[in-house]
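Geometric and topological summary
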Amino acid sequence: MGVMVRTPLTPEERERGERLGALLREARGPRSMTEVAAAAGVSAETLRKIETGRAPTPAFFTVAALAGALGLSMDELAALCALANV
């Protein structure tokens, strides 16, 4: 069996991941991580990793599910995450 090698993240990817995490944390507000994760159908640990920037390139469907659970549109998230690149 081959070993999967992870490509190191670029500084841009890391930064975008941190922005995404901050946005999701802000959108979650007073709701618990467990509550939002359950509503999105992901584990609380997955949400924790994304919010803390430890999973800076989460799967599209994970982000879409979290956005839905938080009442954010993917367009909003994409626009907000791209802002710092302007």
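Please read all numbers here as calculations on a predicted model, not as lab measurements.

1. Brief notes about the nonpolar core
Core analysis: the largest hydrophobic core is formed by 17 residues, its most contacted members being L20, L24, L47, L66 and L77. Elements with a contribution of two residues or more to this core: α1 (11-28), α2 (33-40), α3 (44-51), α4 (60-70) and α5 (74-82). With five residues, the top contributor of residues to this core is α4. Among all residues touching L77, those that are not within four sequence positions of it are L20, L23, L24, V63, A67 and L72.

2. Considerations on the packing of aromatic side chains
Each aromatic ring pair is characterised by the separation of its centres together with the angle its planes make. For the structure shown, the criterion picks out one aromatic pair. Consider the rings of F60 and F61, whose centres lie 5.5 Å apart with planes at 80°: the pair is edge-to-face. Residue F60 is classed as exposed on the basis of its relative accessible area of 53%. Look at F61 and you get exposed, because its relative accessible area is 69%.

3. Some details on the pattern of salt bridges
A complete count under the given rule lists five salt bridges for this structure. Its salt-bridge partner being E15, residue R19 comes within 3.2 Å of it at the nearest N-O pair. Placement of the pair is R19 and E15 together in helix α1, with a separation of four residues, close to one helical turn. Looking at R19, the relative accessible area reads 16%, which means it is buried. In this structure, R54 engages E45 in a salt bridge whose closest nitrogen and oxygen atoms are separated by 3.3 Å. Linked through salt bridges whose partners overlap, the residues forming this network are E45, R48 and R54.

So, how was this worked out
Residues numbered from 1 in each chain as written. Predicted model: local features only at pLDDT ≥ 70, side-chain atom pairs only at ≥ 80, totals over all residues. Heavy atoms only, no water. Core = buried A, V, L, I, M, F, W, Y, C linked by side-chain atoms within 4.5 Å. Buried < 20%, exposed > 50% of the residue type's maximum accessible area, 1.4 Å probe, protein only. Helix = DSSP H or I, 4+ residues; strand = E, 2+ residues; numbered from the N terminus. Contact = heavy atoms within 4.5 Å. Phe/Tyr/Trp six-rings, centres within 6.5 Å; stacked < 30°, edge-to-face > 60°. Salt bridge = Lys/Arg side-chain N within 4 Å of Asp/Glu carboxyl O.

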